Protein chains: 2
Amino acid sequence: MNRILSTQLPEHAGQTVTLAGWVHRRRLLKSVGFLVLRDRAGLAQVVAAPPALAAFPEETVVLVTGVATVNPAAPGGVEVAGPTIVALTDPAQPPPFDLYRPELAAALPTLLDHAPVALRHPRLSALHRLSARAVAGFRQALDALDFIEIHTPKLVASATESGANVFGIDYFGRPAYLAQSPQFYKQMMVGVFERVYEVGPVFRAEPHDTVRHLAQYTSLDAELGFITDHREVMAVVRSVVAGMLDGTGVEVPAEIPAIHFADAMDLLGADEPDLAPAHERWLGEWAVREYGSELLFVTGYPMVKRPFYTHPEPGRPGYSNSFDLLFRGMEIVTGGQRLHRYGDYVSALHGQDLAPYEAYLQAFRHGMPPHGGFALGRERFVARLTGAANVRQTTLFPRDLHRLSP
Amino acid sequence: MNRILSTQLPEHAGQTVTLAGWVHRRRLLKSVGFLVLRDRAGLAQVVAAPPALAAFPEETVVLVTGVATVNPAAPGGVEVAGPTIVALTDPAQPPPFDLYRPELAAALPTLLDHAPVALRHPRLSALHRLSARAVAGFRQALDALDFIEIHTPKLVASATESGANVFGIDYFGRPAYLAQSPQFYKQMMVGVFERVYEVGPVFRAEPHDTVRHLAQYTSLDAELGFITDHREVMAVVRSVVAGMLDGTGVEVPAEIPAIHFADAMDLLGADEPDLAPAHERWLGEWAVREYGSELLFVTGYPMVKRPFYTHPEPGRPGYSNSFDLLFRGMEIVTGGQRLHRYGDYVSALHGQDLAPYEAYLQAFRHGMPPHGGFALGRERFVARLTGAANVRQTTLFPRDLHRLSP
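1. Some remarks on the overall build of chain A
The number of helices and strands found in chain A is 11 helices and 16 strands. Based on the C-alpha atoms only, the size of chain A along its principal axes is roughly 80 × 60 × 40 Å. Taking the average location of the 36 positive side-chain charges in chain A and that of its 42 negative ones, the two points are 7 Å from each other.

2. Observations regarding helix α6 (residues 230-245) of chain A
Residue and element names in this part refer to chain A. For α6, which comprises 16 residues, the first-to-last C-alpha distance of 22 Å matches the rise-based estimate of 22 Å (1.5 Å per residue) to within 8%. Among the residues making up α6, those that are buried are His-230, Val-233, Met-234, Val-236, Val-237, Val-240, Val-241, Met-244 and Leu-245. The buried residues of α6 occupy one face: seen down the axis, they fall within an arc of 160°. Downstream of α6 by a residue or two, Gly-247 has a phi angle that is positive, lying close to 85°.

3. Here's the deal with helix α11 (residues 378-386) of chain A
An α-helical segment advances 3.6 residues per turn. Residues three or four places apart therefore align on the same side. All names here are of chain A. By the burial criterion, the buried members of α11 are Arg-378, Glu-379, Phe-381, Val-382, Ala-383 and Leu-385. Among the structural elements, α4 (122-144), β11 (216-225), α6, β14 (322-327), β15 (330-338) and β16 (371-377) are those in contact with the buried residues of α11. Looking one or two places after α11, you find Gly-387, whose phi comes out positive at around 80°.

4. Digging into the interface of chain A and chain B
Contact residues are listed per partner, giving 97 residues for chain A and 98 residues for chain B. Where chain A touches chain B, the interface holds 10 salt bridges. Here Glu149(B) makes a salt bridge to Arg139(A), at a shortest N to O gap of 2.9 Å. Linking chain A with chain B are 46 residue pairs in polar contact (both at pLDDT 80 or more). Of the residues belonging to the side of chain A that touches chain B, the class tally is 53 nonpolar, 19 polar and 25 charged.

5. A word on the relation of the copies chain A and chain B
The two copies are related by a screw motion: chain A maps onto chain B through a turn of 180° and a shift of 0.0 Å along the axis, at an RMSD of 0.0 Å. A rotation of that kind, with that shift, is consistent with a two-fold axis. When C-alpha positions in chain A are compared against the rotation axis, the closest is assigned to Ile169(A), at 2.3 Å. A share of 100% of interface residues in chain A that are also interface residues in chain B marks the association as one of identical surfaces.

6. Remarks on the pattern of salt bridges
Residues and elements named next belong to chain B. Tallied over the full model, the rule gives 48 salt bridges over all chains. Among the ionic pairs, Arg-403 bridges to Asp-113, the shortest N-O distance being 2.9 Å. Separated by 290 residues along the polypeptide, Arg-403 in the segment after α11 (378-386) and Asp-113 in helix α2 (residues 108-113) bring together distant segments of the chain. Of the residues examined, Arg-403 reaches a relative accessible area of 13% and is grouped as buried. On the basis of relative accessibility, which here comes to 40%, the residue Asp-113 falls in the partly exposed class. Put simply, Arg-338 and Glu-223 hold a salt bridge, and the shortest N to O gap is 2.7 Å.

7. What about the pairing of β14(A)?
Residue and element names in this part refer to chain A. With six of six residues buried, β14 lies mostly within the body of the structure. Pairing of strand β13 (residues 295-299) with β14, which is carried by five bridges, proceeds in the antiparallel orientation. Residue pairing in the sheet places Phe-297 in a bridge with Leu-325 of β14. Relative to β15, β14 runs antiparallel, the two being bridged by six bridges. In the sheet register, Leu-325 faces β15, and the bridge partner there is Val-333. Once β14 ends, the chain turns through two residues before running back antiparallel as β15, passing Arg-328 with a positive phi of about 50°.

8. Quick word on the confidence of the model for chain A
Of the residues in chain A, 99% have a pLDDT of 70 or more, and the chain-wide mean is 96. For this predicted complex, the interface score ipTM comes out at 0.97, while the overall pTM is 0.97.

9. Details of the sheet that holds strand β6 (residues 148-149) of chain B
Residue and element names in this part refer to chain B. The eight strands are arranged β6-β10-β11-β16-β15-β14-β13-β12 in an open sheet whose pairing can be described as mixed. Of all the strands in the sheet, the pair left with one neighbour each is β6 and β12 (258-260). Across the face of the sheet, helix α7 (residues 261-268) comes into contact with β12 and β13 (295-299) while running at roughly 85° to β12. Those strands touched by α11 are β11 (216-225), β14 (322-327), β15 (330-338) and β16 (371-377), and its axis lies near 60° from that of β16.

10. Observations concerning the packing of aromatic side chains
Tallying each qualifying case throughout the model produces 40 aromatic pairs over all chains. Considering the side-chain rings of Phe184(A) and Tyr357(A), the 6.2 Å spacing of their centres and the 45° angle between planes classify their relative orientation as tilted. Here Tyr357(A) lies in the loop between α9 (342-348) and α10 (358-365) and Phe184(A) lies in helix α5 (residues 183-193), a separation of 173 residues in the sequence. Side by side, Phe184(A) and Tyr357(A) carry an identical accessibility label, which is buried. Residues Phe308(B) and Tyr357(B) carry aromatic rings whose centres are separated by 5.7 Å and whose planes lie at 80° to one another, so their mutual orientation is edge-to-face. Taken together, the positions of Phe308(B) in the loop between β13 and β14 and Tyr357(B) in the loop between α9 (342-348) and α10 (358-365) put the pair 49 residues apart, joining distant regions of the chain.

11. Some points on unusual backbone geometry
In most cases, non-glycine residues show a negative phi, while peptide bonds are predominantly trans. Geometrically, the link from Ser405(A) to Pro406(A) is a cis peptide bond, its omega value of 0° lying close to zero. Residue placement: Pro406(A) occurs in the segment after α11. In this structure, Asp146(A) is a non-glycine residue whose phi angle is positive, near 75°. Structurally, Asp146(A) can be placed in the loop between α4 and β6 (148-149). Backbone geometry places Phe226(B), a non-glycine residue, at a positive phi of 60°. Position of Phe226(B) among the secondary structure elements: in the loop between β11 and α6 (230-245).

Criteria and thresholds
Every chain's residues receive numbers from 1 upward, in the order its sequence appears when written. Naming scheme: in the order in which they are written, chains are lettered from A and ligands are numbered from 1. Confidence filtering applies because this is a predicted model: local features only for residues at pLDDT of at least 70, side-chain atom pairs given and counted only at 80 or more, and all residues used for totals across whole chains, interfaces and linings. Based on all heavy atoms of the structure, the side-chain values leave hydrogens and waters out of the count. In DSSP terms, a helix is any run of H or I states spanning at least four residues, a strand is any run of E spanning at least two, and both are numbered starting from the N terminus. In this charge count, Lys and Arg are treated as positive and Asp and Glu as negative; neither His nor the chain ends contribute. Lysine's charge is taken at NZ, arginine's at CZ, aspartate's at CG and glutamate's at CD. Given a helix with a known number of residues, its expected span is that number minus one, times 1.5 Å. Under the scheme applied here, a residue whose accessible area is under 20% of the maximum for its type counts as buried, over 50% as exposed, and between as partly exposed, the area being computed with a 1.4 Å probe on protein chains only. This arc is taken over the directions from the axis of the helix to the C-beta atoms. Contacts between residues were defined by any pair of non-hydrogen atoms, one from each residue, lying within 4.5 Å. Put simply, a salt bridge is a Lys or Arg side-chain nitrogen that is within 4 Å of an Asp or Glu carboxyl oxygen. In protein, a polar contact requires one atom able to donate a hydrogen and another able to accept it; more generally it is a pair of N or O atoms within 3.5 Å, and residues adjacent in sequence count only if both atoms are side-chain atoms. All residues other than Ala, Val, Leu, Ile, Met, Phe, Trp, Tyr, Cys, Pro, Asp, Glu, Lys and Arg, Gly among them, are scored as polar; the first ten of these are nonpolar and the last four charged. The superposition of copies rests on a least-squares fit of C-alpha positions from residues with pLDDT of 70 or more in both. When DSSP finds at least two bridges between two strands, those strands are taken to pair. For every residue, the predictor reports its confidence as pLDDT, a number between 0 and 100. Angles run from 0 to 180 degrees between N-to-C directions of axes, and those axes are lines fitted to C-alpha atoms, restricted for helices to the stretch in contact. By convention, a stacked pair of Phe, Tyr or Trp rings (six-membered ring in the case of Trp) has centres within 6.5 Å and planes under 30 degrees apart, an edge-to-face pair has planes over 60 apart, and any other such pair is tilted.

Put into structure tokens, the structure is as follows:
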């Protein structure tokens, strides 16, 4: 289909052009009418006599052919005059909210119920473009560091990693589960490629109805071998986050400041095995005051609060070679060094049936390097970046305790 | 960890270097021993007295420090002499097959059972690197055409698209299903971004145990709006496939030859509503003879064999604006133009309960442009490219009727 995009109008001033898109808005005055056309690039103004616009209600898809005409009052300084308008669909039914207003005047559940139409709102589509760019930045940063992208099973035989909140599935008559993370697989693949990443869905049967939890989200995972300790993983996280935040205006320090968990507890005047949300917020503000950074690593989390494959901190019993990355006072990345010796895994799993871990343990039995990695939830990252109050706003079609459609 | 990669050895001839990797193979002669080290870049030869190598069985992870020494007989022309070897793990247990032999001498089920180790074989890891590069080529081609990457739900409320072979899941006490394709979502998202793609898992409860079917595979999907007909989709497929095959030596014609289904049936002297595998093979050979092309589009498949959202071929009742792309005589891409008018969907779904289609139909009710798209299965594509006889060989950890681990 021969057309130009709305943003190309200024290059064609004086010429006859064809635009294609949705009728974003009509404004009918006494003697003149305006049609604002929306395409994937932006908006364009079309001027016509009011009766010529009557047949094209908002969201109807149209082809507009006319002369690109300079008008300083039009968006982009050029509008389309003397148009021929042809509908490519039947006249659209009006959406349950006005897509042309700066803010969508509807409650979140209404917007989610009508996602196929609500997502057309320029603010919403811009947020999801930003999300796509962040994922591209993640991949670019890791590609440049010689990582290989992998795709791992989402159907697994046992709920070994965290145990709770798994979705069960009928797998040809026997029980299976939806994967809660690619953790075991990315570790095994360090044995093959040394450096791997995956961008894919993970599933949590979250029984809690909160603004932070989804039943399906997109996990950005990476894992690398031949590290000395978790600090080399943190250096990779820095590159990745810089790639994801590129062009957003958020400054990422050359080295992101880090504080040990024990020192953080001292600062907070607390003595607990994990950081509460209020602690994270306080530390986020502290990092801005102290380092001028919206990003802060907290390292050395107590072993009791980290998964069994976590590497302990040498010479500091009870603590681990792990970290979280806080962004604006909330955790967005979790990572660390993992155990890599077969014997250490057998000890860490002491008292458990090893059979469900058989494939995972195979990798370690046959030689695995010191390694570590991290995971970042795309939806939560974009919420933090955009200020969205609810992760449902940063997912195209969210899934939660109550919502299974659209 | 300070190290160089095996492929960097020649640049360091005469210098003391440190390599890190797996003991790929030891060869112990009377007075000299060779250790072949494997890292993510390749292989390197280390020369040492035989007793010095005794402690490092195959697959043990080691650090090797020594002098890079020119030896025309060594791989790359440079080997490491006078080494200090330090193990980073306990001595590895020997794998159930020799990873250093040119071919893995084990049956497919054995290799799949031991995937975490078998995938370390240079031929297997090279195949999966090729697969990762193909996916990167898919994305690059579409990014250059202004497509946006999306991530859509894998948990859906109803098995609307094809009906059969869906996995059921207990979703907080009510039934749900694993998505068999992102078809409906990518179409809805054309209403938002015009041009979208997704790389993600799809799920088929395939009751057939064949070399072509998996319970989970990676689907590469794209969809674009404002097309005239399916031929604009085929032009995008051409760019994508050229990107995926870049560097493989397969020639992609500037315009991939195409034959209409009816003409193909005439050539074949057959009269059926679909192509049998033997038909596809014959047409693949015909395209090589006729056009010197390993790729051939077959267009215009009968409506009765295409899904309900398929756009009919104007002026040719019974046929459709759809296509398959054959590569070496097998279908690797399916696509076409879709219906885009709300009324056409209501007609196409005549007699069915429309409620499960409500969100999908919303998009059309509120204005959708003429559009089309296509899907390509990564595993089948790589099988066709590499000559792998079974799609299980082109999946890291395949899932099928019998296999749910590793």
